[in-house]
Amino acid sequence: MSRTGRGGAASAAVVLLGALVAGCGGGGDDGKDWTGLPKGSASVDGAAPGESSGSSGSSGSSDGSGAPSPSQDPADVPEAKAPPASVGLLAGVPASVRGGVITLGKAGAKHTVKVYEDPRCPFCKKFEEGGAQALVRPLAAGNVKVEYTIASFLDRNFGGSGSANAANALRAAVGTGKFAAFHSAVFTNQPEESEDAFTPAFLLKIADTVGLRETAFLDAVNGNRYKSWVRTAMDAFTSDGISGTPTVVVDGKKAPSDSLYSETSFGKVLDEAEIS
């Protein structure tokens, strides 16, 4: 779990996070989100610290100024690891964006899996490294498309702009032909959620592991180009009534929380939906 020590509010959030997510993973149905507050509350509305909820987009900096995050000393940027080799099977799978949702897979695919996640959420990492592996072959075969709604509420819970930075970079990866690989690499290199470590410099180092070096992508990450889309994605998350991450919906049916963290167990969920 997360390290504490950031002050009373952050410590309380960590304790509450562990108490709720360990038992239900995808959130409960008690009318509250996983912070224990009513759904749609200001703490999960997607606005970055220092930004009003009426703004057109999330701030790209941790100081609330709306300016891109400052450059890091290269010596301070962690090394990045390559994603699992299995993601290579998705090299030819197209990615597109509509509203606040990024879709990976052929538009005409018979089946749809909706995935709601926050880049800083450790249980999303567990899903991506576990259950999500069962989606690789169906995606590569064109039998399913995956619709990602990328939330950024953990920035508000723990401080900083790491989730928003990562969401901006994920949006920038659409159209490069490397979205699937970069998405996988982001979770492979996820820092602890209490650490605001998804900086533009680190995200570019992560992108390097999958050969993503296009100038337009680099500029979008450094310049926080898609900050308004990050807010649109958070609005989509909230309007869908999602109360925690990861939440996964297979052909309209929410997957059991205890099926998400194992390729075998989530594979059974896909088999029941005749996705193979």
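Above this text you will find the structure in question.
Reading the values: rules and limits
- Residues numbered from 1 in each chain as written.
- Predicted model: local features only at pLDDT ≥ 70, side-chain atom pairs only at ≥ 80, totals over all residues.
- Heavy atoms only, no water.
- Salt bridge = Lys/Arg side-chain N within 4 Å of Asp/Glu carboxyl O.
- Helix = DSSP H or I, 4+ residues; strand = E, 2+ residues; numbered from the N terminus.
- Buried < 20%, exposed > 50% of the residue type's maximum accessible area, 1.4 Å probe, protein only.
- Polar contact = N/O pair within 3.5 Å; in protein donor to acceptor, adjacent residues only side chain to side chain.
- Pairing = 2+ DSSP bridges.
- Phe/Tyr/Trp six-rings, centres within 6.5 Å; stacked < 30°, edge-to-face > 60°.
- Lys NZ or Arg CZ within 6 Å of the ring centre and 35° of its normal.
- Contact = heavy atoms within 4.5 Å.
- Axes fitted to C-alpha atoms, helices over the stretch in contact; angles between N-to-C directions.
- Core = buried A, V, L, I, M, F, W, Y, C linked by side-chain atoms within 4.5 Å.
- Parallel < 35°, antiparallel > 145°, perpendicular 65-115°, else oblique.
- Left-handed = near helix turned anticlockwise from the far one by under 90°.
- Nonpolar A, V, L, I, M, F, W, Y, C, P; charged D, E, K, R; others polar.

Asker: Would you take a moment to explain the pattern of salt bridges for this structure?
Answerer: One side chain can pair with another of opposite charge once the charged atoms of both are near each other. Applying the stated rule across the entire model yields 7 salt bridges. Between Asp155 and Arg120 there is a salt bridge, with its nearest N and O atoms 2.8 Å apart. Of the two residues, Asp155 is situated in helix 4 (residues 153–158) and Arg120 in the loop between strand 3 (111–117) and helix 2 (122–129); the sequence distance between them amounts to 35 residues. Exposure remark for Asp155: the relative accessible area of 2% places this residue in the buried category. For Arg120, a relative accessible area of 2% puts it in the buried group. Linked through salt bridges whose partners overlap, the residues forming this network are Arg120, Asp155 and Asp196.

Asker: What should I look at first to understand the side chain of Arg120 in this one?
Answerer: Within the structure, Arg120 has its side chain in polar contact with the backbone oxygen of Gly159 (distance 2.9 Å). A polar side-chain atom of Arg120 sits 2.6 Å from the main-chain carbonyl oxygen of Glu193.

Asker: Looking at this model, I keep getting lost on the pairing of strand 4 (residues 144–150). Mind explaining?
Answerer: Remark: a regular strand shows side chains that alternate across the two faces of the sheet. Summarising burial for strand 4: 7 of the 7 residues are buried, a large majority. Alternating positions in strand 4 separate into two faces, Val144, Val146, Tyr148 and Ile150 on one and Lys145, Glu147 and Thr149 on the other, with burial throughout. Across 3 bridges, the pairing between strand 2 (residues 101–104) and strand 4 is antiparallel. Following the sheet pairing, Leu104 is matched in strand 4 by Val146. Here 7 bridges tie strand 3 to strand 4, and the two strands are oriented parallel to one another. By the bridge assignment for strand 4, Val113 is matched with Val146.

Asker: What's the story with the packing of aromatic side chains in this structure? I'm lost.
Answerer: In this description, an aromatic ring pair is defined by two values, namely the gap between the centres and the angle between the planes. Taken as a whole and judged by the stated rule, the model has 7 aromatic pairs. Taking the centre distance of 6.0 Å and the plane angle of 55 degrees together, the rings of Tyr148 and Phe179 count as tilted. Of this pair, Tyr148 sits in strand 4 while Phe179 sits in helix 6 (residues 179–188); the two residues are 31 residues apart in sequence, bridging distant segments of the chain. Across the pair, exposure class does not vary: Tyr148 and Phe179 are buried alike. Aromatic ring contacts, followed pair by pair, group Tyr116, Phe153 and Phe237 into a single cluster. One residue, Lys126, lies across the ring of Tyr261, its end atom 4.8 Å from the ring centre. In this structure, Arg171 packs its charged tip against the face of Tyr226, placed 4.4 Å from the ring centre.

Asker: Is there a simple way to explain the sheet that holds strand 1 (residues 95–98) in this structure?
Answerer: Strand pairs in the sheet, formed through backbone hydrogen bonds, run parallel or antiparallel to each other. Pairing in this open sheet of 6 strands is mixed, and the strands run 1-2-4-3-5-6 from one edge to the other. Because the sheet does not close on itself, it has two edges, and the strands there are strand 1 and strand 6 (253–254). Pairing geometry for strand 3 and strand 5 (residues 247–250), over 4 bridges, is antiparallel. Directly across from Tyr116, in strand 5, lies its bridge partner Thr247. Contacting strand 1, strand 2, strand 3 and strand 4, helix 6 runs over the sheet at an angle of about 115 degrees to strand 2.

Asker: Got a minute to help me understand the nonpolar core in this structure?
Answerer: In globular proteins that are soluble, nonpolar side chains generally tend to be buried together. Counting residues in hydrophobic clusters, the biggest one holds 55 residues, and the most contacted among them are Val113, Phe182, Leu203, Phe217, Val248, Val250 and Phe266. For this core, the element with the highest residue contribution is helix 5 (residues 162–173), accounting for 7 residues. Residues in contact with Leu203, not counting those within four places in the same chain, are Asn165, Ala166, Ala169, Phe182, Val186, Phe198 and Val221. In terms of nonpolar packing, the next biggest core, distinct from the first, is built from 13 residues, Tyr116, Phe187, Phe237 and Ile242 among them.

Asker: Any chance you could explain the packing of helix 2 against helix 6 here in plain terms?
Answerer: How two helices sit against one another is set out by the angle between their axes and by the gap between those axes. Helix 6 packs onto helix 2 with a crossing angle of 125 degrees between their chain directions and a minimal axis gap of 9 Å. With respect to helix 6, the axis of helix 2 lies oblique. Crossing of helix 2 over helix 6 shows left-handed handedness. Across the interface between the two elements, Cys124, Lys125, Glu128 and Glu129 from helix 2 touch His183, Phe187 and Thr188 from helix 6. A breakdown of the residues in the contact of helix 2 with helix 6 according to their chemical character gives 2 nonpolar, 2 polar and 3 charged.

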